[in-house]
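Here are the chains, one letter per residue:
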Amino acid sequence: MLTLGIFIYKVNHNLYIEDAKNSVESVLGLTQELLEHEKQLALSIALILSNNETLKQGYLQNNRTLLFQTLQNELPSIKNYLHMDNLEVQLHSKEGKALVRSWNFQSYGDELLSFRKGINLVHEHQTPLVSIELGKRLNIKALAPVFEQSERIGSLEVILNFNTIARKLSDKKIHFVILMDKKFLDIGEWMKDKTSINEFILLNDDCAYCIPTLETLIRKQTLEEGFARSNTTLFGFTPLFDIENKQVGYIGVWFDESLLKESLLLKASLTPTLESLHVTRLHPEIPKNHEIEIR
């Protein structure tokens, strides 16, 4: 009886761990979908702004004041419609220097081509792109050339951090972090003041509560295995790659194991939607007393 009891316990435990790993993998997959959704939104905004006629005039006149003011006029409505408070835009000169930053008019003139692969690619191929890219910060960057009569007069980038993804996951009782390898701080100099956990920099601004927990888990073996369990909490990690397919850190998620009972609902509720867009859905008017057959 004792042997049978131990056997049944082991079987049930192994089944539980397998289910837990599958659920963590599912949440990591959905996190990647949310990330792709944010990237596509950023790219759409970059394409719209690159065709703004007032911005083009600012480029042609080399008028930084006009460029900055145009961004200040355009960005509030974009943020409002998309519910994206974390949106920033940087304009580049034709030579690849920082021309205007939406968050700081006084900051400009930095030479960017020496460490920004994305800007080099936009200048070389003259086509838009979006990726996670390491610059002075690690975030989502969507880049687009700015043309005037087929001539490239500059380029721009739309910059998003990961706060929107963190908020959407938090609504589903899932915690989310981005961990950047410390060795990239020589490039990402604007992140030197962020919290460090072992060999990584914690990019999230609102995760002070999670530091003690993560400090005990962030180990090479745990990160490579991609799964960990601590008390009643399940953790998952997956590598984060940049525009050059270079691993720059990890995406981390964790949630209470009670959510395992809601795994199907969890999967459905996290699917990215465009409900943040203020779109009116129109349906044809159905005449009164009209029989409708639904197939």
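Our structure is the block above this text.
Residues numbered from 1 in each chain as written. Predicted model: local features only at pLDDT ≥ 70, side-chain atom pairs only at ≥ 80, totals over all residues. Heavy atoms only, no water.

A. Main features of the overall build of the protein. Assigned secondary structure in the protein consists of 8 helices and 11 strands. Scored against the burial criterion, the 295 residues of the protein give a buried share of 45%. In the protein, 58% of the contacts between residues at least 6 apart in sequence involve partners at least 24 apart. On the protein, roughly 16,600 Å² of surface is accessible, and the fraction owed to carbon and sulfur atoms is 50%. (Helix = DSSP H or I, 4+ residues; strand = E, 2+ residues; numbered from the N terminus. Buried < 20%, exposed > 50% of the residue type's maximum accessible area, 1.4 Å probe, protein only. Contact = heavy atoms within 4.5 Å. Areas by Shrake-Rupley, 256 points an atom, 1.4 Å probe, with all protein chains shown as cover.)

B. Structural context of the nonpolar core. Ranked by internal contacts, the top residues of the largest apolar core, which has 60 residues, are Leu 49, Leu 91, Leu 138, Val 158, Phe 162, Phe 176 and Met 180. Ranked by residue count, the leading element in this core is helix 1 (residues 2-50), at 12 residues. Discounting residues that sit within four places of it in the chain, Val 158 has contacts with Ala 42, Ile 45, Ala 46, Leu 49, Leu 87, Glu 88, Val 89, Ile 140, Lys 141 and Ala 142. Counting residues in each nonpolar core, the second largest holds 17 residues, with Ile 197, Ile 211, Leu 223 and Ala 228 among its members. (Core = buried A, V, L, I, M, F, W, Y, C linked by side-chain atoms within 4.5 Å.)

C. Seen up close, the side chain of Asn 86. Secondary-structure assignment places Asn 86 in the loop between helix 3 (64-82) and strand 1 (87-92). Separated by 2.7 Å, the side chains of Asn 86 and Asn 161 make a polar contact. Apart from the residues lying within four places of it in its own chain, the contact partners of Asn 86 are Ile 159, Leu 160, Asn 161, Asn 163 and Thr 164. (Polar contact = N/O pair within 3.5 Å; in protein donor to acceptor, adjacent residues only side chain to side chain.)

D. Quick peek at the packing of aromatic side chains. In this structure the tally under the stated criterion is 4 aromatic pairs. A ring pair is formed by Trp 103 and Trp 190, whose centres lie 6.3 Å apart and whose planes are at 90°; its orientation type is edge-to-face. Placement of Trp 103 in the loop between strand 2 (98-101) and helix 4 (117-125) and of Trp 190 in the loop between strand 6 (175-181) and strand 7 (196-197) is noted, with a sequence separation of 87 residues between them. A residue is classified by how much of its surface remains accessible, and Trp 103, at 31% relative accessible area, is partly exposed. Between Phe 235 and Trp 254, the aromatic rings sit 5.8 Å apart at their centres with planes inclined by 25°, giving stacked as the arrangement. Separated by 19 residues along the polypeptide, Phe 235 in strand 10 (residues 233-241) and Trp 254 in strand 11 (residues 247-256) bring together distant segments of the chain. A single burial state applies to Phe 235 and to Trp 254, both of which are buried. Positioned over the ring face of Phe 105 is Arg 64, at 4.2 Å from the centre of the ring. One Lys or Arg, Arg 137, reaches over the ring of Trp 103 and ends 5.0 Å from the middle of that ring. (Phe/Tyr/Trp six-rings, centres within 6.5 Å; stacked < 30°, edge-to-face > 60°. Lys NZ or Arg CZ within 6 Å of the ring centre and 35° of its normal.)

E. Representation of the sheet that holds strand 7 within the structure. Read from one edge of the open sheet, 6 strands run 7-8-6-11-10-9, paired in antiparallel fashion. In this open sheet, the two strands that pair with only one neighbour each are strand 7 and strand 9 (227-230). Across 3 bridges, strand 6 lies against strand 8 (residues 200-202) in antiparallel orientation. Paired with Asp 181 across the strands is Phe 200, a residue of strand 8. (Pairing = 2+ DSSP bridges.)

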